[in-house]
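Next come the chains, spelled out residue by residue.
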Amino acid sequence: MSQRLHVVGGHPAGFGATCRTDSWWAGPLATFLGLSTFLAYITWASFQGVHFTAGSYLSPLYSPVLFAAPSGEGAAHAWLGAWPEFWPSFLPASPALLILAFPGSFRFTCYYYRKAYYRSFAGSPPGCAAGPMAGQKKYFGETNLMLFQNLHRYALYFAIPYIPILYYDAFVGFFQEGKFGIGVGSIVLLVNATLIACYLFGCHSFRHLIGGRDDCMSCGRATTKYKAWSRASWFNGRHMNFAWLSLFWVSFTDLYIRLVSTGVITDLNTW
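Being a predicted model, the structure only gives us computed values, none of them experimental.

Draft legend 1. Representation of the pattern of salt bridges. Using the criterion set out here, one finds one salt bridge in the structure. Across the salt bridge formed by Asp254 and Arg258, the nearest N and O atoms sit 3.3 Å from each other. Here the residue Asp254 and the residue Arg258 both occupy positions in helix H10 (residues 239–261), the gap between them amounting to four residues, near one helical turn.

Draft legend 2. Broad picture of the nonpolar core. Ranked by internal contacts, the top residues of the largest apolar core, which has 41 residues, are Phe106, Tyr113, Tyr199 and Leu200. Top element by residues in this core is helix H7 (residues 184–201). It accounts for seven residues. Not counting residues up to four positions away in its chain, the partners in contact with Leu200 are Phe106, Leu156, Ala159, Ile160, Ile163 and Phe206. Ranked by size, the runner-up nonpolar core spans seven residues in total, among them Ala54, Tyr57, Leu189 and Tyr256.

Draft legend 3. Inspection of the environment of Ala93 at higher detail. Its place among the elements puts Ala93 in the loop between strand E4 (57–58) and helix H2 (101–108). Taking the C-alpha atoms as reference, Ala93 lies 8.1 Å from Trp83; in sequence the two are ten residues apart. Setting aside its immediate chain neighbours within four residues, Ala93 contacts Gly49, Pro70, Trp83 and Trp87.

Draft legend 4. Molecular detail of unusual backbone geometry. In this structure, the amide linkage connecting Ser63 to the following residue, Pro64, adopts the cis form with an omega of 0 degrees. Inspection of the secondary structure assignment puts Pro64 in the loop between E4 and H2. Even without being glycine, His51 reaches a positive phi, approximately 60 degrees. You can see His51 is positioned in the loop between helix H1 (26–48) and strand E3 (53–54). Using a relative accessible area of 32% as the deciding quantity, one classes His51 as partly exposed. Look at Glu177: it is not a glycine, yet its phi comes out positive at around 55 degrees.

The rules we used
Residues numbered from 1 in each chain as written. Predicted model: local features only at pLDDT ≥ 70, side-chain atom pairs only at ≥ 80, totals over all residues. Heavy atoms only, no water. Salt bridge = Lys/Arg side-chain N within 4 Å of Asp/Glu carboxyl O. Helix = DSSP H or I, 4+ residues; strand = E, 2+ residues; numbered from the N terminus. Core = buried A, V, L, I, M, F, W, Y, C linked by side-chain atoms within 4.5 Å. Buried < 20%, exposed > 50% of the residue type's maximum accessible area, 1.4 Å probe, protein only. Contact = heavy atoms within 4.5 Å.

Now the structure itself:
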């Protein structure tokens, strides 16, 4: 005779316990595998410090390049010149480590990603109407972590400048040695900047920034503010899609440039 689950308020208790009959666990599992893969690759790529450029192509994981790598790679893109001598010896000399905290904090505190990793990594809860991990009697995702998660609205201000920077990198990618042309890499960079822009424009904090503090948005439909808020709302409704597409594409863009840089593949272009 099978052991019956203890029922609290009409719902089974225990980790993953549920009355649902669908494959509710498939989403959290796919999210766990997907985020783990991307995090592993981005971490590995950021610590390399080499093969992040190929001609005028610059990996978005390393943009903007504040200091060129010790090998001299990235010198053409460096804002502040050569690699600083004060850099700690126990850390890899990688330009990516100087800038990734800003876009990283924006994504980590993103409203959509909170739901994603609360469910897939913390099991808090793993799904709607599914029991949380053992020992969790109550959902604390937006209370115990609220002070930290509120950094999202401030991380937004650091993330916004990345959009013109990435578009500039895409523009530079259409030129090799001063000659205009089109390559697969330049198109990849342009798509990357566009997907990241779509992700940011759908951010809840961004929508509030351009359209918040009004009790009645529909009272001024002809205003520029309302039109901007409506456009942001369109992106907001597709925020999850752009979150995944941009995360995949930024990894793919780095990988593509890395493979071209190492000579594994050849960039098809008009030069």
